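Tertiary structure, described
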Amino acid sequence: MKKLLLISALSLASSLSFANEIAPVMDKQTCEKPVYPKAALINEEAGAVALSVLVAPDGNVVDSKIEKSSGSKTLDKATVKVFSSCKFKPGTKDGKAQQAWVKLEYVWSLS
């Protein structure tokens, strides 16, 4: 019974520590307008790009990584460029701005 109570207490403590974390939020008005790359248009490339961006405490993007490629390196690079230009409301922990990763997705469509 003591083990069960200890596990429950640890689970509760770990969930409470995450309750004070807030993920970064993108300010869409600050982002470059996505421009379909000419090479991708010519080759009729389309698809969704899932990526993670690392947002600094000042709201700037400091790193990014492709989580799921569209299948087109051209579209993947264009997506990274667009989201790297964005400003974010930084993530916080216990009310203090902190560096944090956030997942984003962009869909390139020819229609």
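This text follows the structure it describes.
Here's what I pulled together on the structure shown here.

So, how was this worked out
- Residues numbered from 1 in each chain as written.
- Predicted model: local features only at pLDDT ≥ 70, side-chain atom pairs only at ≥ 80, totals over all residues.
- Heavy atoms only, no water.
- Phe/Tyr/Trp six-rings, centres within 6.5 Å; stacked < 30°, edge-to-face > 60°.
- Helix = DSSP H or I, 4+ residues; strand = E, 2+ residues; numbered from the N terminus.
- Buried < 20%, exposed > 50% of the residue type's maximum accessible area, 1.4 Å probe, protein only.
- Contact = heavy atoms within 4.5 Å.
- Polar contact = N/O pair within 3.5 Å; in protein donor to acceptor, adjacent residues only side chain to side chain.

A few words on the packing of aromatic side chains. Centre-to-centre distance and the angle between the planes together describe a pair of aromatic rings. Using the criterion set out here, one finds three aromatic pairs in the structure. Judged by centre distance (5.2 Å) and plane angle (75°), the rings of Y36 and W108 are edge-to-face. Highlighted residues: Y36 in the loop between strand 2 (25–27) and helix 2 (38–42) and W108 in strand 8 (residues 100–108), separated in sequence by 72 residues. For Y36, a relative accessible area of 18% translates into the label buried. Classification of W108 as buried rests on a relative accessible area of 3%. Seen in terms of ring centroids, F83 and Y106 are 6.5 Å apart; in terms of plane orientation they differ by 75°. Their pairing is edge-to-face. Here Y106 lies in strand 8 and F83 lies in helix 3 (residues 73–84), a separation of 23 residues in the sequence.

A word on the environment of T30. The residue T30 is located in the loop between strand 2 and helix 2 in this model. Looking at T30, the relative accessible area reads 30%, which means it is partly exposed. For the pair T30 and C86, spaced 56 residues apart in the sequence, the C-alpha separation amounts to 5.3 Å. Residues contacting T30, with those up to four places away along its chain left out, are S85, C86 and K87. A distance of 2.7 Å separates a polar side-chain atom of T30 from the backbone oxygen of D27. A distance of 2.8 Å separates a polar side-chain atom of T30 from the backbone nitrogen of K87.

The next subject is unusual backbone geometry. Within the chain, E44 stands out as a residue other than glycine whose phi angle is a positive 55°. When you line up the elements, E44 lands in the loop between helix 2 and strand 3 (47–55). A residue is classified by how much of its surface remains accessible, and E44, at 63% relative accessible area, is exposed. At D94, a position not held by glycine, the phi torsion is positive, near 55°. With respect to the helices and strands, the residue D94 is situated in the loop between strand 6 (91–93) and strand 7 (96–98).

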